Amino acid sequence: MSSKTKNLPAHLALPAPRRLNNAWRLRLKALALPALIILVLEIVVRVGWLPSYQMPAPSDIALTLRDLAEGALWKHISASLLRVLLGFAIGASLALVFAAWVGLSREAEAWLEPTFAGLRSIPSLAWVPLLLLWLGIDETSKIVLIAIGAFFPVYLNGVAAIRNIDRKLVEVGQMYGFSHRRLVQRILLPAALPGLFTGLRSGMSLAWMFLVAAELIAATKGLGYLLSDGRETSRPDIVLAAIIVLALLGKLSDGLLASLEKRFLAWRDTFNGHSAED
Amino acid sequence: MTEHLLDIRVERKTFAATTVLNNIHLQLLPRETVSLLGPSGCGKSTLLRIVAGLEKDFQGELRSRAGEVAFVFQEPRLMPWLTVEQNIGFSADNHYDKAWVAQLIEEVGLGGFDQTLPKALSGGMAQRVAIARGLYSRPQVLLLDEPFSAVDAFTRMKLQDLLLQLAERHAIALLLVTHDVDEALYLSDRVLVMDNRPSSIRQELAVELAHPRDRRDPLLAQLKALSLTELQRAHVI
């Protein structure tokens, strides 16, 4: 045997009950701060230190949410969700194609990268008036805007991920006489995966941001519309309810990508932070 | 006359304006172990890459009768996303020969680690996997580029013995690049002492000792003194 035998990661060796306990403790730690904030807000508003027409009590927001859930909320959520998913799918897949192209070929980089760098320096929201002029105020302009928003983080991280691949690993494939395609499949793609996931996750969060921008400007349904509706009718409870729903959906979509990331990238040998017991 | 597995003649190899290798003739017999001994940056690795066919731009000739030639790098260079088993069968994609891989895992002393990911391996264990990966294609010649320079001294000795065992069992010729005099003498039938840049072969030392060898053998000490003298003359040390 080798002189240095490493043990398996400690968490695998722990008995199950202790793990469950730990998981719950983590969850409680996560909830402590939000619970405290909600409690303080409730008290501050109920006592009257903050006027309720500006800052509704958390319990009032919960009631508003319930009312909305019985009515139009689902229509708004499904409209927004559809836009985000469609825009993200289009933007991210185009970005992946271009990232692979530019990342793998220096020729493509010479042709494309300066243009993308130029386009990237345009703040994406500056496209809004142009998109409205060209595509009108219906769905297409919103989805295109979201796709633009999602494109650049995915593209940038994708190119960086490919260019950061360890040359020494690639050389192993060259040693075996791998064809270009096999090199991509067996070494480049798996090695670039961590960076690609980083890009996809930041692309997803930008997609939500651009959704709100698009819907604030011109929409008749969607969570962004709910926000501007709440402002126009002086209903901060509606605005806050919409914000909460947006936060939940953003967290949900990111959590989905994060769990995929965790599954595909379990092999990574990374620093996970110090635990309290250390 | 015995047939050479490899017969390499490098008249000249240059990188831009610097000549790295100059007038080198190197032959490798079946089942022979030959070490190239020299300082870092003297062109040993370049010579090895020429032999491996990774470097094609040189003046000279490479004649090879060896069917398969495999390479073990200085670092393990395992794919971190693949298990030990998948890494060993890496060259055959996902349809590698499971029984052969299992046998290799046993032979390099990693039984039970077949599903382990590289991140859970120590440096020595990872290099064992790298050696097994080199053996997977059943090579006749194994090229090793300072394969044990990154592990501690005790692990290195164990890995050296393991390498000799495996070469013996599978009838493999070894061509090894190293800057470790003891390693070169302990492992090899012939040690080629390299000059400084532009390097050529300065001296050939035959180590006429049967395996298994004793690291304390006086002949090894004697040869070590000889090669150190030669290295000193070459202004390497």
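Just so you know, these numbers come straight off a predicted model, no measurement behind them.

K.L.:
Explain the interface of chain A and chain B residue by residue, including any values.
P.N.:
With 18 residues of chain A in contact, the opposing surface of chain B contributes 22 residues. Within the residue set of the side of chain A that touches chain B, elements represented by two or more residues are helix 8 (167-175) and helix 9 (180-217) of chain A. Ranked by residues supplied to the side of chain A that touches chain B, first place goes to helix 8 of chain A with 5 residues.

K.L.:
Help me get a handle on the packing of helix 10 (residues 223-232) of chain A against helix 11 (residues 236-264) of chain A, residues and values and all.
P.N.:
Residue and element names in this part refer to chain A. The interhelical angle for the contact between helix 10 and helix 11, taken along N-to-C directions, is 160°, at an axis separation of 7 Å. When the interaxial angle is binned, helix 10 and helix 11 end up roughly antiparallel. For the pair helix 10 and helix 11, the sense of crossing is left-handed. Contact with helix 10, carried on its side by Leu223, Leu226, Leu227, Asp229, Gly230 and Arg231, involves Pro236, Ile238, Val239, Ala242, Val245 and Leu246 of helix 11 and no other residues of that element. Taken together, the residues of the contact of helix 10 with helix 11 break down into 9 nonpolar, 1 polar and 2 charged.

K.L.:
An account of the pairing of strand 6 (residues 141-145) of chain B is needed here, citing residue identities and associated values.
P.N.:
Residues and elements named next belong to chain B. Across the 5 residues that make up strand 6, a large majority, 5, are buried. Both faces of strand 6 are covered, namely the face carrying Val141, Leu143 and Asp145 and the face carrying Leu142 and Leu144. Two elements, strand 5 (residues 69-72) and strand 6, share 4 bridges in a ladder whose sense is parallel. Looking across to strand 6, one finds that Val72 is bridged to Leu144. Bridge count for strand 6 against strand 7 (residues 173-178) is 5 bridges, and the pairing is parallel. Paired with Val141 across the strands is Ala173, a residue of strand 7.

K.L.:
Can you explain the UniProt feature "transmembrane region" (unreviewed entry) in chain A? Please cite residues and give values.
P.N.:
All names here are of chain A. Those residues carrying the UniProt feature "transmembrane region" (unreviewed entry) are residues 28-49, 81-104, 116-137, 143-162, 206-227 and 239-260 in this numbering. Measuring from the first to the last C-alpha atom of residues 28-49 gives 29 Å, for a span that is 91% helix and 0% strand. Annotated as 64% helix and 0% strand, the span residues 116-137 places its first and last C-alpha atoms 26 Å apart.

What counts, and where the lines are drawn
- Residues numbered from 1 in each chain as written.
- Chains lettered and ligands numbered in written order.
- Predicted model: local features only at pLDDT ≥ 70, side-chain atom pairs only at ≥ 80, totals over all residues.
- Contact = placed C-beta atoms within 7 Å.
- Helix = DSSP H or I, 4+ residues; strand = E, 2+ residues; numbered from the N terminus.
- Axes fitted to C-alpha atoms, helices over the stretch in contact; angles between N-to-C directions.
- Parallel < 35°, antiparallel > 145°, perpendicular 65-115°, else oblique.
- Left-handed = near helix turned anticlockwise from the far one by under 90°.
- Nonpolar A, V, L, I, M, F, W, Y, C, P; charged D, E, K, R; others polar.
- Buried ≥ 20, exposed ≤ 12 C-beta atoms within 10 Å, placed from the backbone.
- Pairing = 2+ DSSP bridges.
- UniProt positions renumbered as here; feature names shortened; annotations may be inferred.

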